[in-house]
Amino acid sequence: MRKYAWYIFIVGIMLLLYGTLQMRPVRWDMTDDKHYSLSEASKNLLRQTDEPIEVTLLLDGDLNAGFRRLKKATEETLDEMDVYGKLKIKNYELTSSSTDSLTKMGLRPIVIHEREQNGKTAQTTIYPYALMRYKGRKAVVTLLKNTRGLSGEENLNASIEQLEFAFMEALHLLTQRETPRIAILEGHGEPDEAHTYDLMTALSKYFQVDRGNLSPTLPTREGEMNAVDAHVLDGYKAVLVISPQRAFSDVERFVIDQYIMRGGTVLWALDGVQFSEQVLQSDGFTPVVARELGLTEMLFRYGIRINPALVQDIQCLPIPVNVSNDPSQPNLQPMPWTYAPLLLTSEGSPVTKSLGQIMSTFVSPIDAVGGEDGIEKRILLATSTASRVTAAPAEVNLSDLNPDMNTFRYQYIPVAVSLEGVFPSVYAHRIAPEGIETHEPIIKQSRRTRQIVIAGGSILLNEVQKGQPLPMGYDRYSQMQFSNRDFAVNAVLWLTDEEGLIGLREKSVALRLLNDRRAHENRMQVQLVSTISPIAILALIGGIVWIVRKRKYEIN
């Protein structure tokens, strides 16, 4: 009786444990890269939802091995999300009529061409998207990140790494009660709306984008200028300063400085030198001098210095050059233009992780100063391993298309840097300038906040062709698209991120690929081992059990 009571007790414990786990599942992620775990930011966002989240997965059909892996990873991410939020997940059946409706929604399919074993080419059309709906609002989640310069397997792996961020970004937009505002400053000869059109379009998905002037433009009746409110920027999550051509006044510097001291964030995209593209195109050369914007001291106090120089790089964009000796019959040929470097992105920051090259023209080098100030500085963009620096004053000449390669001896020159920490005020030991309307004392030290400094406004601008703006990062001569748009969006999201969602872009999944050549050469051996090994192991275990039982029960 005691024997059966012990068995009943064990069964009861197991049933109790099973019931507890059914009511509150317990999950252990045993992987090195925590592939099956959600961040605390994601869990908190999911817990805040009070209605079911409908997710329709469009990635379906006859998928190859790589896209099956992406689909499985997507389903695993959604299952993990379902633990902390209420999800209704369904697969979308692709038909001829349904694909038409998806096309009307602006969802472009991807056509995959693969060679089968019989030598024929198979074509598959897939939709790497998911539709998310919450409280009547809907968002599209792009599952596949197609970065130029990466192989198919690397793009799929980067897509799997970004799945959590992609879903959380969409859910954040769906649960957002009001649209945050950002400001693009004007009044210093900044590029017009046509040249910032793609930037504003990309950011309008997340923010209300305002443009405005800090300086008063209308005098009062007494003939004096209106005073500037020191808190005029307080309603904005971030301020963007993009390629100003004229210097900032003391009043404007004070407003921006105190905005940062109150926890505001700023994206600086400043040109270190001054030149004329019109003169360069008409005369074939242009002088280059240092650009004075009145911001050198301010940025120096924050830990950054933009040098008055130009960066040249062997890894660069081509420009069309007429190589014909007959003016009546021009012969345009692409030639490398070292003043248009293709910048490398850092894998150590959520702003630039998994991004491709960044297109730029006439950018300057950046130095980090004040190493003991406690401000965390990360390089976002840098040149290649064959670069050089030309200090201003200098001359840029279109005939300089074959420079001496031996002079490109510098490596990874920083062009964009992120800053995070507590910043000192430029006005810590000064009085407020005239023309400021404030009754509060000057804040001498900021709250913990963030800034990004880019030494070249061209990175955030788009070209205009025949009155129509081109996409940001698009080179019309080579017809290649670079990652400028994603970089700009990630930069502003990082500046305004209070929930920690942008940090999800740092998630890393180890890429474990087979050696295709060795797998093909040893195909028969691998098949034999994989087929015979399980049978041999089972036979070995069965033989050991038979020998043990035979010795135990054999009658002597």
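Look up: the structure comes first, before these words.
Residues numbered from 1 in each chain as written. Predicted model: local features only at pLDDT ≥ 70, side-chain atom pairs only at ≥ 80, totals over all residues. Heavy atoms only, no water.

Asks: Tell me what's going on with the overall build of the protein chain, and back it up with residues and numbers.
Replies: For the protein chain, the helix and strand inventory stands at 13 helices and 29 strands. For the protein chain, restricting intrachain contacts to residue pairs at least 6 apart in sequence, the fraction spanning at least 24 positions comes to 75%. In the form shown here, the protein chain has an accessible surface area of approximately 31500 Å², with 53% of it arising from carbon and sulfur atoms. (Helix = DSSP H or I, 4+ residues; strand = E, 2+ residues; numbered from the N terminus. Contact = heavy atoms within 4.5 Å. Areas by Shrake-Rupley, 256 points an atom, 1.4 Å probe, with all protein chains shown as cover.)

Asks: Can you explain the pattern of salt bridges? Please cite residues and give values.
Replies: A complete count under the given rule lists 16 salt bridges for this structure. Note that glutamate 186 is salt-bridged to arginine 211, the shortest N-O span being 2.6 Å. One end of the pair, glutamate 186, is in strand S7 (residues 181–186); the other, arginine 211, is in strand S8 (residues 208–213), and 25 residues separate them in sequence. On the basis of relative accessible area, glutamate 186 is assigned to the partly exposed category, the value being 26%. Notably, a salt bridge pairs arginine 253 with aspartate 250, separated by 3.6 Å at the nearest N-O pair. Here aspartate 250 and arginine 253 lie together in helix H8 (residues 250–261), a separation of three residues that amounts to about one turn. (Salt bridge = Lys/Arg side-chain N within 4 Å of Asp/Glu carboxyl O. Buried < 20%, exposed > 50% of the residue type's maximum accessible area, 1.4 Å probe, protein only.)

Asks: Outline the packing of helix H3 (residues 65–84) against helix H6 (residues 163–175), supporting the account with residue identities and numerical values.
Replies: Two numbers describe how H3 lies on H6: the axes approach to 10 Å, and their chain directions differ by 50°. Overall, the two elements H3 and H6 adopt an arrangement that is oblique. The interaxial crossing formed by H3 with H6 has right-handed handedness. Mapping the contact onto sequence places Leu70, Ala73, Thr74, Thr77, Leu78 and Met81 in H3 and Leu163, Glu164, Phe167 and Met168 in H6. In the contact of H3 with H6, the residues fall into seven nonpolar, two polar and one charged. (Axes fitted to C-alpha atoms, helices over the stretch in contact; angles between N-to-C directions. Parallel < 35°, antiparallel > 145°, perpendicular 65-115°, else oblique. Left-handed = near helix turned anticlockwise from the far one by under 90°. Nonpolar A, V, L, I, M, F, W, Y, C, P; charged D, E, K, R; others polar.)

Asks: Outline the sheet that holds strand S1 (residues 53–57), listing residues and values.
Replies: Taken in spatial order, the four strands line up as S2-S1-S5-S6 in an open sheet, and their pairing is mixed. The open sheet terminates on both sides in strands that have one partner only, identified here as strand S2 (87–91) and strand S6 (137–142). Neighbouring strand axes in the sheet, compared pairwise and without regard to direction, differ in orientation by 20° on average. Bridge analysis of strand S5 (residues 129–134) against S6 gives six bridges, and the strand direction is antiparallel. Its bridge partner lying in S6, tyrosine 134 is registered against arginine 137. Set on the sheet, H3 makes contact with S1, S2 and S5; between it and S2 the angle comes to about 160°. Strands S1, S5 and S6 of the sheet are contacted by H6, whose axis makes an angle of about 160° with S6. (Pairing = 2+ DSSP bridges.)

Asks: Could you give me a rundown of the sheet that holds strand S13 (residues 285–290), with the residues and numbers involved?
Replies: Taken in spatial order, the three strands line up as S12-S13-S22 in an open sheet, and their pairing is antiparallel. With one partner strand each, in any of the chains shown, strand S12 (273–274) and strand S22 (394–397) form the two edges of the open sheet. Note that S13 and S22 share four bridges and pair antiparallel. By the bridge assignment for S22, proline 287 is matched with glutamate 395.

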